[in-house]
Amino acid sequence: EEEAGGVPAVDRKGSRKERIRRQVEFWFSKSNLRWDEYLVNRMDDQGRVPLRTIATFNTMLAARATFEEVLDACRKSDVIAVTDPKEGEDIGDCLVSRADGMDTVFNEDAELDARTVVVHSFPTHVEFPEIIACFRRFGKIKFQKISKAALRRLIDVTVFEYEETEAAQKCLHLLGTHANGELRRRDQLDAVVAPPCLVFTKAEWDEYSKQDLSSLPSPFCSILRLEGVPRRTPWRTLQKQCGGERLDL
């Protein structure tokens, strides 16, 4: 199964039931749903997904969480709603959603956007711990969406939501791709300060990601140009050149 969301910036303390509850709450948080297309695309028109979907995410499978444990965790949450199984219905068919609905999830939120930094095009040789250590230098991270697979970090968006706006501003001041109004090449960043990457505000990313993929400034073409890969290279070939890791598209 594909994993929803990224790596939650939450502690690992508490009982097993508490950790399962916090994980589900993380997936349905506003911070995560704004970026989690995989989970959102599996919701019905009321923002609900079958409990089976949640229970079969990699994190739950690794924890060997049962459907019953996930159901119990959802019932004990103040921010998660879950339907009761009907007579003869499998527990996996119970529907899980945000208790307050989806109406406010995608509304503009200037305060949240001001604390958010969007990163793209991490080179595949940069290790996961190095990335986390770099962006933690600016302040405490409340939420992070980042793949543990190097190839996916090259192609997918990475998101850091800081607890304080000042931390995000420091990060953008030092690493922001649109400094001085120009797109900065990744290899122009100070390698001692951060791995080469493209760093945006939420608003900048929204505009940047809308551009035609055939144009030079687009994320995809930036990857190809900066990695030295011919623009018309098939995905399978790109996959091999990036280390042969699995790529699900």
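Above this text you will find the structure in question.
Quick notes on the rules
- Residues numbered from 1 in each chain as written.
- Predicted model: local features only at pLDDT ≥ 70, side-chain atom pairs only at ≥ 80, totals over all residues.
- Heavy atoms only, no water.
- Helix = DSSP H or I, 4+ residues; strand = E, 2+ residues; numbered from the N terminus.
- Buried < 20%, exposed > 50% of the residue type's maximum accessible area, 1.4 Å probe, protein only.
- Contact = heavy atoms within 4.5 Å.
- Pairing = 2+ DSSP bridges.
- Axes fitted to C-alpha atoms, helices over the stretch in contact; angles between N-to-C directions.
- Salt bridge = Lys/Arg side-chain N within 4 Å of Asp/Glu carboxyl O.
- Phe/Tyr/Trp six-rings, centres within 6.5 Å; stacked < 30°, edge-to-face > 60°.

## Looking at the overall build of the chain
If you tally the helices and strands in the chain, you get 13 helices and seven strands. Taken over 249 residues, the chain has a buried fraction of 46%. Partitioning the intrachain contacts of the chain with sequence separation of at least 6 by distance along the chain shows that 61% fall at a separation of at least 24.

## Concerning the sheet that holds strand E4 (residues 116-120)
Strand pairing in a sheet relies on backbone hydrogen bonds, with the paired strands running either antiparallel or parallel. Spatial strand order, E5-E6-E4-E7: four strands in an open sheet with antiparallel pairing. Two strands close off the open sheet at either side, each with one partner strand: strand E5 (141-145) and strand E7 (198-200). With direction set aside, neighbouring strand axes in the sheet form an average angle of 20°. Judged from the four bridges that link them, E5 and strand E6 (residues 158-162) form a sheet pairing that is antiparallel. Bridge pairing in E6 links isoleucine 141 to tyrosine 162. Across the sheet, helix H8 (residues 128-136) lies against E4, E5 and E6, angled at about 35° from E6, the strand it touches most.

## Looking at unusual backbone geometry
Positive phi outside glycine occurs at arginine 64, with the angle close to 55°. You can call arginine 64 exposed: its relative accessible area is 70%.

## Notes on the pattern of salt bridges
What the rule picks out here adds up to 15 salt bridges. Its salt-bridge partner being lysine 17, residue aspartate 72 comes within 3.8 Å of it at the nearest N-O pair. Of this pair, aspartate 72 sits in helix H6 (residues 67-75) while lysine 17 sits in helix H1 (residues 16-27), placing them 55 residues apart in sequence. Residue classification places aspartate 72 among the partly exposed residues on the basis of a relative accessible area of 22%. In this structure, the salt-bridge partner of glutamate 166 is lysine 170, at a minimum N-O distance of 3.8 Å. Within this pair, glutamate 166 and its partner lysine 170 are both found in helix H10 (residues 165-175), separated by four residues, close to a single helical turn. Since its relative accessible area comes to 44%, lysine 170 is described here as partly exposed. A single salt-bridge network, built from bridges that share partners, covers Lys17, Asp72 and Lys76.

## Concerning the environment of lysine 76
Positionally, lysine 76 belongs in the loop between H6 and strand E2 (80-82). Note on lysine 76: relative accessible area 52%, which makes it exposed. When the C-alpha positions of lysine 76 and arginine 21 are compared, they lie 7.6 Å apart, and in sequence the two are 55 residues distant.

## A short note on the packing of aromatic side chains
All told, the structure shown has six aromatic pairs when counted by the stated rule. Between tryptophan 27 and phenylalanine 57, the ring centres sit 4.8 Å apart and the planes meet at 80°, which makes this aromatic pair edge-to-face. With tryptophan 27 in helix H1 and phenylalanine 57 in the loop between helix H4 (51-55) and helix H5 (58-62), the pair connects residues that are 30 residues apart, well separated along the chain. Phenylalanine 57 carries the same exposure label as tryptophan 27, and that label is buried. Summarising the aromatic geometry, the rings of phenylalanine 122 and phenylalanine 135 are spaced 6.3 Å apart at their centres and angled 90° between planes, so their arrangement reads as edge-to-face. Of the two residues, phenylalanine 122 is situated in the loop between E4 and H8 and phenylalanine 135 in helix H8; the sequence distance between them amounts to 13 residues. Taking the relative accessible area as the measure of exposure, phenylalanine 122 reaches 1% and is therefore buried. Three or more aromatic residues link up through ring pairs in this structure, and these residues are Trp27, Tyr38 and Phe57.

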